[in-house]
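Residue-level listing of the chains:
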Amino acid sequence: MPDELISQIAAGEVVERPASVVRELLDNALDAGARQITVRLSAGGVRLISVEDDGQGIPREELTVALRRHATSKIASLNDLETVGTMGFRGEALAAINAIAELGIHSRFAGADSAFALDGRTGEMRPVARATGTTVEVRELFFATPARRKFLKTDATELAHCIEAVRRHALARPEVGFSIWHEGKLVEQWRAAAQPAQRLADALSDDFVARSVAVDHTHGPVRVTGSAGIPDAARSRADQQYFYVNGRFVRDKVLAHAVRSAYEDVLHGQRQPVYVLSLEIDPSRVDVNVHPTKIEVRFRDGREVHQAVRHAIENALAAPRAGASSTATPAPFFSQTMPAAAVPGWVQPAIHFAAERGAGDALAMWPQQRADGEGAALTGFAPPASTASFAPSFSTGAVAAASPAFAPDDAWPLGRALAQLQGIYILAENRQGLVIVDMHAAHERIVYERLKQQLDGAAITSQPLLIPATFAATPQEVATAEACAGVLPTLGLEITPFSPRTLAVRAVPGTLADGDPVELARSVLAELAQHDASTVVQRAQNELLSTMACHGAVRANRKLTVEEMNALLRQMEATERSDQCNHGRPTWRLLSVRELDALFLRGR
Ligand SMILES: Nc1ncnc2c1ncn2[C@@H]1O[C@H](COP(=O)(O)OP(=O)(O)OP(=O)(O)O)[C@@H](O)[C@H]1O
Ligand SMILES: [Mg+2]
């Protein structure tokens, strides 16, 4: 094969669309130590992509070499690949781009007395004027491969992908300034930020910062930091999910699954959590050379990573926001129910205030810049041991005896109960305004969390079936049942081979005795086949407990006394995850005095 053809095929793997070029050029600029990067685009990047940086530049004698395949200044041996700390290491990107576009490089090496321009097509070099740093210009992408060009979407779509590529880099590197121009107009500008929270606010939104909590968790050789959105911030699309491994943006099944299982207990239906998370791990424990675009990685020990990520997020989300003093609050009433334009201007400061308070929580992603103590109180939160029963009533003893008047200093974040509404809601008054609590949803969570604590470590009781339920099983299912024979009993299940192709369910958890045993067995085996047993055990337990809690929780239309209502509010404040019911719906909302005033057009 001619060299040019080889390069074009390689380019097909690396460059799918303009955004792929942007990604590669940004990687190079960051590897060169840039502090300010300017991206200029034309026609969504198809006509022109120019990335200018103030990094160390390329020495004159290396300029032409940089366009050759497998020319990299970043690693010299296989050993280096094991511990690669730069974004690039394959020495392919520029060669690949040069094969499918018109490429030009201007660069001045730090300390050199002049800059040089290289024409990628002719290999000609000439001196030019330029400060230290590099500008790479890519014109007429895919001019030589029209088939590829046909697959491109509209300019607007390609531009959006390019901006997203920059955003992915920018979120991981708040200390670097980025600006993006399209057709000569500035479309995004994210200034170098001293505080990571500032970058999150700029590149995502103030709302992201206001409605996320700090994550910082070390589990063996793995450290997970960053910001995880509270359940209330979840979206219908998975468009604000950023995961970095050793500074590189990745999409990975293990990580995605770990995140999903961490949110499972607090997220409603198909809602997609938002997060910007960063995993640091010894480079020798992760292979980054799996995919040409480096978006996939392979962990040496997927379980260790899965556990670290799940625990990191679970811990961060566990503390009830009702009981926390400085953290994200559920969304202000207005942002949920009215378009922004309908919110009176003077209501906005309250929202900004929330953003400022939340800002501290986002600091933990970049550990070296973490403000001491910020957010630390949240992760260490543990509910006080409670003696209340599971019966559908509340223990009102100690709390009801307390003064019904306002406790000083917001000691009761959810306020003082006023009344019950429609047999469903509790109305309470706190310093900010009116608190509305869905009493069944809230109590369900309280009972559930208490059951979880009690059952921690113990196995689920199982009930033998009078007649074993047999079913035709796949070879995979039979293999899993055999391999997991030790784990199944802890789930309250007994599944044994009946014939080489048939499995028999002989016992199920007592609480699920009414359900379909075959369906249960199948789903548990499917989970076991995919994931590590300990997760499945915990999840199955949680599902069982959740079902039990629902039956144990106070029903609608039960009349509660004010004391009972207050007791429920106090239990909520002390219960982990109490801002969401077991199905991920919110348990309470705040209607602030400002919002009430706005409803009555007061104070204008
Ligand atoms: N903006 C830049 N500033 C300084 N040096 C650069 C820049 N862009 C490219 N280079 C030099 O050119 C070389 C080739 O870049 P290229 O992106 O093709 O390969 P790489 O980054 O080493 O590996 P990969 O293919 O994984 O990206 C780099 O190793 C680096 O020495
Ligand atoms: Mg590179």
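In every chain, residue numbers begin from 1 and rise along the written sequence. Labels follow written order: the first chain is A, the first ligand is 1, and so on. At least 70 in pLDDT is required for a residue's local features to be given in this predicted model, at least 80 for side-chain atom pairs to be given and counted, and no such filter applies to totals for whole chains, interfaces and linings, which use all residues. Side-chain numbers come from the whole structure's heavy atoms, not from hydrogens or water.

Note on pairing: DSSP must find at least two bridges between two strands before they are called paired. Helix and strand assignments come from DSSP, with helices taken as H or I runs of at least 4 residues and strands as E runs of at least 2, each series counted from the N terminus. What the three strands build is an open sheet, ordered E19-E21-E20; its pairing is antiparallel. Of all the strands in the sheet, just strand E19 (462-472) and strand E20 (494-499) have a single pairing partner and so form its edges. Between one strand axis and the next, the sheet turns through 20° on average, direction left out of account. Most of the contacts of helix H18 (residues 517-530) go to E19, to which it runs at about 80°, and overall it touches E19, E20 and strand E21 (502-509). Fitting a line to C-alpha atoms yields each axis, with helices limited to the stretch in contact; the angle taken between N-to-C directions then spans 0 to 180 degrees. A contact between two residues is defined here by any heavy atoms of the two lying within 4.5 Å.

When you line up the elements, Arg445 lands in helix H16 (residues 439-455). As used in this structure description, the phrase polar contact means that two N or O atoms lie within 3.5 Å; if the pair is within protein, one of them must be able to donate a hydrogen and the other to accept it, and residues adjacent in sequence are counted only when both atoms belong to side chains. For Arg445, the side chain forms a polar contact with the main-chain oxygen of Asp265, separated by 2.5 Å.

Turning to helix H2 (residues 18-31), a few remarks are in order. Taking 1.5 Å of rise per residue, the 14 residues of H2 would be expected to cover 20 Å, and the 20 Å separating its terminal C-alpha atoms lies within 8% of that figure. The buried fraction of H2 amounts to eleven of the 14 residues, a majority that puts the element mostly inside the structure. Turning to H2, its buried residues are Pro18, Ala19, Ser20, Val21, Val22, Glu24, Leu25, Leu26, Asp27, Ala29 and Leu30. Phi for Gly33, located one or two positions after H2, is positive at around 80°. Residue count minus one, scaled by 1.5 Å, sets the expected span of a helix. The classification of residues rests on relative accessible area computed with a 1.4 Å probe and restricted to protein chains. Under 20% of the type maximum is buried, over 50% is exposed, and intermediate values are partly exposed.

Bringing the site of ligand 1 into the picture now. If even one non-hydrogen atom of a residue comes within 4 Å of a molecule or strand, that residue is called near it. Taken together, 21 residues lie near ligand 1, and Thr72, Ser73, Lys74, Arg90 and Glu92 sit nearest. Here Asn28 contributes a side-chain N or O atom positioned 2.8 Å from an oxygen atom of ligand 1. Interatomic distance of 2.9 Å between a backbone N/O atom of Phe89 and an oxygen atom of ligand 1. Note on areas: Shrake-Rupley with a 1.4 Å probe; residue coverage comes only from the protein chains shown. In the complex, 95% of the free accessible area of ligand 1, which totals 590 Å², lies under the protein chains. Listed by contribution, the elements that provide at least two residues to the shell around ligand 1 are H2 and helix H5 (93-100). Looking at the shell around ligand 1 element by element, the count peaks at three residues for H2. For the shell around ligand 1, a count of residues per class yields eight nonpolar, seven polar and six charged. Three residue categories are used. Nonpolar comprises Ala, Val, Leu, Ile, Met, Phe, Trp, Tyr, Cys and Pro, charged comprises Asp, Glu, Lys and Arg, and polar comprises the others, including Gly.

Here a Phe, Tyr or Trp ring, Trp counted by its six-membered ring, pairs with any other such ring whose centre lies within 6.5 Å, and the pair is stacked when the planes are under 30 degrees apart, edge-to-face when over 60, and tilted otherwise. Evaluation of the coordinates by the stated rule reveals three aromatic pairs. Aromatic pair Tyr242 and Phe249: ring centres 6.1 Å apart, planes at 65°, arrangement edge-to-face. Tyr242 sits in the buried class, given a relative accessible area of 2%. The class of Phe249 is buried, set by a relative accessible area of 11%.

In this section: the side chain of Thr587. Residue position: Thr587 is located in the loop between helix H20 (562-573) and strand E22 (588-592). Under the relative-accessibility criterion, Thr587 is labelled buried at 1%. Only 2.6 Å separates the side chain of Thr587 from the backbone oxygen of Ser578, close enough to count as a polar contact. When sequence neighbours within four positions are dropped, the list of residues in contact with Thr587 reads Ile436, Val437, Asp438, Ala441, Ala442, Met572, Ser578, Asp579, Gln580 and Cys581.

Its identity as a non-glycine residue notwithstanding, Asn246 has a phi of 45°, on the positive side. Considering the arrangement of structural elements, one finds Asn246 in the loop between strand E11 (241-245) and strand E12 (248-249). Owing to a relative accessible area of 33%, Asn246 belongs among the partly exposed residues under this scheme. Not every positive phi belongs to a glycine, and Gln422 is a case in point at roughly 55°.

With that settled, consider the pattern of salt bridges. We count a salt bridge whenever a side-chain nitrogen from Lys or Arg sits within 4 Å of a carboxyl oxygen from Asp or Glu. All chains considered together, the criterion is met by 23 salt bridges. The partner of Glu137 in a salt bridge is Arg139, with the nearest N and O atoms 3.1 Å apart. By relative accessible area, which is 29% here, Glu137 ends up partly exposed. One connected set of salt bridges, linked through shared partners, spans Asp265, Arg445, Glu449, Glu576 and Arg577.

Think of pLDDT as the predictor's per-residue confidence, scored from 0 to 100. Here the chain averages 80 in pLDDT, while 79% of its residues score no lower than 70. Within the model, pLDDT remains below 50 along residues 323-405, and this stretch shows 156 contacts once partners closer than five positions in the same chain are excluded.

Moving on, we get to the packing of helix H17 (residues 475-483) against H18. Put simply, H17 and H18 touch, their axes get as near as 9 Å, and they point 80° apart. On the basis of the axis angle, H17 is roughly perpendicular to H18. In contact with Gln476, Glu477, Thr480 and Ala481 of H17, H18 contributes Arg522, Leu525, Leu528 and Ala529. Looking at side-chain class alone, the contact of H17 with H18 contains four nonpolar, two polar and two charged residues. Roughly parallel means an angle under 35 degrees; roughly antiparallel, over 145; roughly perpendicular, 65 to 115; everything else is oblique.

The subject of this paragraph is the pairing of E21. For E21, the buried fraction is high: seven of the eight residues fall into the buried class. As paired strands, E19 and E21 are joined by seven bridges and run antiparallel to one another. For Phe471, the partnering residue across the bridge sits in E21 and is Leu503. Bridging between E20 and E21 involves five bridges; their strand directions are antiparallel.

Attention now goes to the nonpolar core. Here, nonpolar core refers to any group of buried Ala, Val, Leu, Ile, Met, Phe, Trp, Tyr and Cys residues whose side-chain atoms link them within 4.5 Å. With 92 residues, the main nonpolar core has Ile37, Val138, Leu279 and Val309 as its most contacted residues. Counting residues per element, this core draws most heavily on helix H7 (residues 155-172), which supplies eight residues. With residues near it in sequence (within four places) discarded, Val138 still touches Val21, Leu25, Arg47, Leu48, Ile49, Ile97, Ala101, Glu102 and Leu103. Residues Val478, Ala481, Ala521 and Leu525 belong to the second largest nonpolar core, which totals 19 residues.

Between its first and last C-alpha atoms helix H11 (residues 302-318) spans 24 Å; for 17 residues at 1.5 Å apiece the expected length is 24 Å, and the two agree. Most of H11 sits out of view: twelve of its 17 residues are buried. For H11, the set of buried residues is Glu304, Val305, His306, Ala308, Val309, Arg310, Ala312, Ile313, Glu314, Ala316, Leu317 and Ala318.

Sheet architecture is open: five strands sit in the order E9-E10-E13-E11-E12, paired in mixed fashion. Edge strands, defined here as strands with exactly one partner in the open sheet, are strand E9 (212-219) and E12. Of the strand pairs in this sheet, E9 and strand E10 (residues 222-229) are connected by eight bridges, and their pairing is antiparallel. Bridging from a neighbouring strand, His219 pairs with Val222 of E10. Sitting on the sheet, H7 is in contact with E11, E12 and strand E13 (275-281), with an inclination near 55° to E11. Sheet strands touched by H11: E9, E10, E11 and E13. Its angle to E9, the strand with the most contacts, is close to 140°.

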